[in-house]
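# Per-entry structural report
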Amino acid sequence: MLSYTPLEASNGIEIKGSYIWLGVLGLSMVQIKLDCKLVVKGIVDSSNNQSNFDNILSNCRSLLEQFLNFKISFFFMIGSVFFR
C-alpha cells in the first residue's frame, strides 16, 4: 500500500480536475508531465486500495481511458531544469 503526503494528494486532485477541464474543452493529444512519481505511478498502475486518495487516482485512471489521447508521465526536476 502506498502512503501519500498532503502535497502528493493535492497533485492527484489537481490532475483529476485538469483531466475534466481539458476534456470539456475538447482538446486532444494532451501530454501532462508531473514531477510527483507516486501520483503518476498511482494513476498508471491499478491498485486495489480503498482510501479516498486511491479513489481519486482510480477516477484519474478512468478519465485517461475515456480520453485516449491524454497521456501522463513523470519527469525529474531540479530547480528549473527537468530530466525525462
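Our subject is the structure that appears above.
Keep in mind the model is a prediction, meaning the values are calculated, not measured.

What follows concerns the pattern of salt bridges. Per the counting criterion, the structure on display carries 1 salt bridge. The residue Lys41 makes a salt bridge to Asp45 at a minimum N-O spacing of 3.6 Å. By relative accessible area, which is 42% here, Lys41 ends up partly exposed. The class for Asp45 is partly exposed, based on a relative accessible area of 36%.

Our next topic: the packing of aromatic side chains. Each aromatic ring pair is specified by the distance between its two centres and by the angle formed by the two planes. For the structure shown, the criterion picks out 2 aromatic pairs. Residues Tyr19 and Phe70 carry aromatic rings whose centres are separated by 6.1 Å and whose planes lie at 45 degrees to one another, so their mutual orientation is tilted. Taken together, the residues Tyr19 in helix H1 (residues 6-25) and Phe70 in strand S2 (residues 70-74) connect sequence positions 51 residues apart. The exposure classification of Tyr19 matches that of Phe70, with both residues buried. For the ring pair Phe67 and Phe70, a centre distance of 4.8 Å and an interplane angle of 25 degrees mean the geometry is stacked. The rings of Tyr19, Phe67 and Phe70 are connected pair by pair, giving a single aromatic cluster.

Reading the values: rules and limits
- Residues numbered from 1 in each chain as written.
- Predicted model: local features only at pLDDT ≥ 70, side-chain atom pairs only at ≥ 80, totals over all residues.
- Heavy atoms only, no water.
- Salt bridge = Lys/Arg side-chain N within 4 Å of Asp/Glu carboxyl O.
- Buried < 20%, exposed > 50% of the residue type's maximum accessible area, 1.4 Å probe, protein only.
- Phe/Tyr/Trp six-rings, centres within 6.5 Å; stacked < 30°, edge-to-face > 60°.
- Helix = DSSP H or I, 4+ residues; strand = E, 2+ residues; numbered from the N terminus.

Shape descriptors only; they carry no functional weight alone.
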